[in-house]
Amino acid sequence: MKTKPGFSDWVLIAGLLFLYMPMLILVIYSFNESRLVTVWAGFSSKWYLELFRDEQIMGAVWTSLKIGFWSASMAVVLATMAAFVMTRLRRFRGKTAFSSMITAPLVMPDVITGLSLLLLFVAMANSIGWPADRGMLTIWIAHVTFCTAYATVVISSRLREVDRSVEEAAMDLGAPPFKTFMLITLPAILPAIAAGWLLSFTLSLDDLVISSFVSGPGATTLPMVVFSSVRLGITPKINALATLIIFAVSLAAFVSWWLLRRQEARRVALLRQEVADTESTDFSERRIKAVLRINRKPVQQGLTTKTE
Amino acid sequence: MKWLSLLANKRLLIGIPYLWLLLFFLMPFVIVLKISFAEMAIAIPPYTRLFEYVDESLNIALNIGNYLFLAEDDLYVNAYISSITIAFNSTLLCLLLGYPMAYAMSKASRQMQITLLLLILLPSWTSFLIRIYAWMGILKNNGLINNLLMSLGVIDSPLIMMNTNFAVYIGIVYAYLPFMVLPLYANLIKHDASLLEASADLGAKPWKTFLTVTLPLSRNGVIAGSMLVFIPSVGEFVIPELLGGPDTLMIGGVLWQEFFGNRDWPVASALAIVMLILLILPMALFHHYQSQELEGRYEN
């Protein structure tokens with residue numbers, strides 16, 4: 001339809017360059033021999049070796065991965081329930097409060113969430129003696145709370161698209177609600193649950209402010225280590241770490257891009273097949289269609305000439 | 001499996017996420033509100049109790065001193081004003097850059113849209129901290145931009161970009177741009193193309209069609225994107241801390257300093273409560289849009 005790129009296309013290209021240039025520069029300079037980050041002194045992979053030897057960073061990576069895994073897993077369970085409540089149940093008392101509490105964490109500034117959760121944990125420790133000390137458990141609770149909000153948005157948008165009539169048919173045939181959910185709804189929303197899990201996992205890995213508030217001396221996550229070293233200035237080791245993160249994320253993105261594209265290609269092929277099928281129907285039907293097409297043509301032409 | 005089928009019970013289905021959110025989302029705010037009325041004390045935890053049983057009677061010591069303190073001190077008032085100004089300008093910049101991007105995406109072919117969507121999403125999956133860190137190497141005095149400009153002979157002495165509000169703007173726009181583009185794209189993609197054709201058929205020029213049809217229809221997307229950028233930017237801590245300078249005053253940093261530096265929990269709580277009150281209107285706007293999305297009701 002369109003031949004030459006318009007204004008918005010140029011902005012899109014500029015915007016993408018803006019998004020990717022800084023990361024590209026980080027990747028290039030992670031292979032820099034020199035400690036001075038901005039002066040190129042030859043290719044070297046020594047910063048990667050130093051990174052892997054850094055026990056503090058490696059320990060923090062492991063802590064972050066564990067917290068991320070368990071936070072994402074709990075968040076999708078809560079989010080699936082919440083999304084089901086939001087999309088399938090009719091109004092109940094407290095539904096407005098429920099939906100507010102689901103969406104509010106999406107935009108709540110991190111410093112407020114972190115501060116308020118820490119004060120809750122302190123108050124709980126004082127009154128009921130639990131949690132006795134802050135660490136991985138308290139970070140997990142905090143992460144589950146905000147990840148649930150994001151995962152609910154992802155899962156509920158898929159849940160809305162699921163054909164309700166299949167669920168209703170299953171129930172009409174006598175399947176109890178839970179069985180209907182397990183056999184019909186769950187398989188249909190599984191991709192969205194996977195997407196919600198991945199989103200929660202990355203959000204949990206990425207969080208600095210909330211973790212800093214609710215963590216104790218026992219648990220240091222990766223962003224906390226990175227932040228304290230970055231605050232002092234630029235270190236090539238962090239460039240190497242950044243490159244590894246960018247590489248891992250790009251790989252995951254490429255795989256999902258490939259899967260989505262294949263799915264799309266299959267959909268297009270299916271549509272073509274359908275068109276081909278209808279065209280190979282018997283002669284009389286084709287004649288009727290041809291007549292209809294001829295009859296329609298003048299009208300269409302009339303419209304197009306008017307616009308141009 | 002038997003215990004799992006219990007979850008199908010409607011009460012449990014609502015109850016479990018509800019309780020979690022009540023306990024770990026709503027309760028914390030009640031406690032912040034409570035502590036904001038307490039006084040700082042040298043104790044563990046470092047604040048006074050509001051309710052005390054003395055001689056079998058309940059003493060309630062409500063102390064609004066923290067709020068008066070915030071209103072009297074220029075530092076806090078200025079921090080709020082400058083946070084909101086910086087967040088507002090950044091949101092505007094994101095909108096100006098993000099709208100054409102989302103528009104171009106929505107006009108691309110379906111195959112291309114998937115690629116573009118992933119390209120927009122990919123940066124937000126990598127570490128936020130590291131993306132801000134990347135700008136430190138670019139903007140600093142002996143950083144890439146200055147080195148490049150000086151070797152080309154455009155400038156003699158380095159431009160001071162790092163540790164200024166300029167760097168903070170770059171950081172916020174860079175970090176939050178995907179949050180602007182995605183809701184806008186999700187909105188623009190739903191528009192009925194026949195409306196544009198109708199407008200063109202009736203003789204409207206493309207820019208007039210855009211102003212009278214596309215822009216009003218995308219109102220919800222603009223609101224959602226703007227709120228997703230504006231609200232977190234107001235409380236932003238990491239970006240001003242890493243890219244900002246001594247002149248950059250933002251409420252997130254002040255709160256952090258008050259809590260971790262001065263260990264004044266009551267004042268930090270009062271700061272948080274005032275920030276929440278300032279953000280209530282934008283949050284309500286966002287919630288209005290988001291709950292429509294959640295429940296699948298659309299205006300257009």
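About the thresholds
Residues numbered from 1 in each chain as written. Chains lettered and ligands numbered in written order. Predicted model: local features only at pLDDT ≥ 70, side-chain atom pairs only at ≥ 80, totals over all residues. Heavy atoms only, no water. Helix = DSSP H or I, 4+ residues; strand = E, 2+ residues; numbered from the N terminus. Buried < 20%, exposed > 50% of the residue type's maximum accessible area, 1.4 Å probe, protein only. Contact = heavy atoms within 4.5 Å. UniProt positions renumbered as here; feature names shortened; annotations may be inferred. Axes fitted to C-alpha atoms, helices over the stretch in contact; angles between N-to-C directions. Parallel < 35°, antiparallel > 145°, perpendicular 65-115°, else oblique. Left-handed = near helix turned anticlockwise from the far one by under 90°. Nonpolar A, V, L, I, M, F, W, Y, C, P; charged D, E, K, R; others polar. Buried area = accessible area lost by both parts, 1.4 Å probe. Salt bridge = Lys/Arg side-chain N within 4 Å of Asp/Glu carboxyl O. Polar contact = N/O pair within 3.5 Å; in protein donor to acceptor, adjacent residues only side chain to side chain. pLDDT = per-residue confidence, 0-100. Core = buried A, V, L, I, M, F, W, Y, C linked by side-chain atoms within 4.5 Å.

A.B. asks: Where do I start with the overall build of chain A in this structure?
C.D. replies: The helix and strand inventory of chain A stands at twelve helices and zero strands. Going from N to C terminus, chain A has its helices and strands arranged as α-α-α-α-α-α-α-α-α-α-α-α. Residues classed as buried in chain A amount to 44% of the 308 residues present. Within chain A, residue pairs in contact and separated by at least 24 positions form 67% of the contacts whose partners lie at least 6 positions apart.

A.B. asks: Would you mind going over the UniProt feature "domain: ABC transmembrane type-1" (unreviewed entry) in chain B with me for this structure?
C.D. replies: When the UniProt feature table is mapped onto this chain, "domain: ABC transmembrane type-1" (unreviewed entry) is found at residues 80-286 of chain B. With 79% helix and 0% strand, the stretch residues 80-286 of chain B has end C-alpha atoms that lie 21 Å from each other.

A.B. asks: Can you walk me through the packing of helix α8 (residues 165-188) of chain B against helix α11 (residues 219-234) of chain B in this structure?
C.D. replies: Packed helix pairs are specified by the crossing angle of their axes together with the interaxial distance, meaning the distance between the axes. Residue and element names in this part refer to chain B. Two numbers describe how α8 lies on α11: the axes approach to 8 Å, and their chain directions differ by 160°. If you check the angle between α8 and α11, you find them roughly antiparallel. Judged by the sense of rotation from one axis to the other, the crossing of α8 with α11 is right-handed. Each of I172, Y176, F179, M180, P183, L184 and N187 in α8 lies in contact with α11, whose residues at this interface are N220, G221, V222, A224, G225, S226, L228, V229, P232 and S233. Each residue belonging to the contact of α8 with α11 can be placed in one class, and the counts come to eleven nonpolar, six polar and no charged.

A.B. asks: Explanation requested: the interface of chain B and chain A in the structure shown.
C.D. replies: By a widespread convention, an interface's size corresponds to the accessible area lost as its parts come together. Contacts between chain B and chain A engage 97 residues on the former and 96 residues on the latter. Approximately 8900 Å² of surface area, both sides summed, lies buried where chain B meets chain A, with 80% of it carried by carbon and sulfur atoms. On inspection of chain B and its partner chain A, the count reaches one salt bridge. In this structure, A:R231 engages B:E241 in a salt bridge whose closest nitrogen and oxygen atoms are separated by 2.7 Å. Between chain B and chain A we count eleven residue pairs in polar contact (both at pLDDT 80 or more) in total. The element best represented in the side of chain B that touches chain A is helix α2 (residues 10-36) of chain B, accounting for 20 residues.

A.B. asks: Help me understand the UniProt feature "transmembrane region" (unreviewed entry) in chain A, please; the structure alone is not making it clear to me.
C.D. replies: All names here are of chain A. The positions that UniProt labels "transmembrane region" (unreviewed entry) are, in the present scheme, residues 12-31, 67-85, 106-125, 137-159, 180-199 and 238-260. Taken end to end, residues 67-85 is 100% helix and 0% strand, and its two terminal C-alpha atoms sit 27 Å from one another. Helix makes up 90% of residues 106-125 and strand 0%, and the two end C-alpha atoms of the span are 27 Å apart.

A.B. asks: What should I look at first to understand the packing of helix α3 (residues 55-88) of chain A against helix α10 (residues 222-230) of chain A in this one?
C.D. replies: All names here are of chain A. Taken N-terminus to C-terminus, the directions of α3 and α10 make an angle of 145°; their axes are 7 Å apart at the nearest point. Only L222, P223 and V225 of α10 make contact with α3, whose side of the interface consists of Q56, I57, A60, V61 and S64. For the contact of α3 with α10, a count of residues per class yields six nonpolar, two polar and no charged.

A.B. asks: Looking at this model, I keep getting lost on the pattern of salt bridges. Mind explaining?
C.D. replies: Residue and element names in this part refer to chain A. Scanning the model with the defined rule gives six salt bridges over all chains in all. Its salt-bridge partner being R88, residue E167 comes within 2.9 Å of it at the nearest N-O pair. One end of the pair, E167, is in helix α7 (residues 164-172); the other, R88, is in helix α3, and 79 residues separate them in sequence. Connected through shared salt-bridge partners, R88, R164 and E167 make up one network.

A.B. asks: It is not clear to me how the UniProt feature "domain: ABC transmembrane type-1" (unreviewed entry) in chain A should be interpreted in this structure. Could you clarify?
C.D. replies: UniProt annotation of "domain: ABC transmembrane type-1" (unreviewed entry) refers to residues 61-256 of chain A when read in the numbering used here. As annotated, residues 61-256 of chain A comprises 82% helix and 0% strand, and the C-alpha atoms at either end are separated by 24 Å.

A.B. asks: So what exactly am I meant to see when it comes to the environment of B:I251 here?
C.D. replies: Residue and element names in this part refer to chain B. In this fold, I251 is placed in helix α13 (residues 251-261). Classification of I251 by relative accessible area gives buried; the value is 0%. Between the C-alpha atom of I251 and that of N142, which follows or precedes it by 109 residues, the distance is 30 Å. Discounting residues that sit within four places of it in the chain, I251 has contacts with Y76, A79, Y80, S83, V234, L271 and M275.

A.B. asks: What is the right way to read the confidence of the model for chain A from this model?
C.D. replies: The predicted coordinates should not be examined in detail at positions where pLDDT is low. Predicted confidence across chain A gives a mean pLDDT of 84, with 88% of residues reaching 70 or more. Contacts from residues 297-308 of chain A, a stretch scored under 50 in pLDDT, to residues over four places away or in other chains number one contact.

A.B. asks: Sorry, what's going on with the nonpolar core here?
C.D. replies: It is characteristic of soluble globular proteins that their nonpolar side chains tend to be buried jointly. The biggest cluster of nonpolar side chains holds 161 residues, and the ones touching the most others in it are A:F213, B:V238, B:I239, B:L271 and B:M275. At 14 residues, α8(B) tops the list of elements feeding residues into this core.

A.B. asks: Whenever I open this one, the UniProt feature "transmembrane region" (unreviewed entry) in chain B confuses me. Can you help?
C.D. replies: Residues and elements named next belong to chain B. In the numbering used here, UniProt assigns the feature "transmembrane region" (unreviewed entry) to residues 12-37, 79-102, 114-134, 166-188, 209-231 and 265-286. Across residues 12-37, the secondary structure splits into 96% helix and 0% strand, with the terminal C-alpha atoms separated by 36 Å. Between the first and last C-alpha atoms of residues 209-231 the distance is 31 Å; the span itself is 96% helix and 0% strand.

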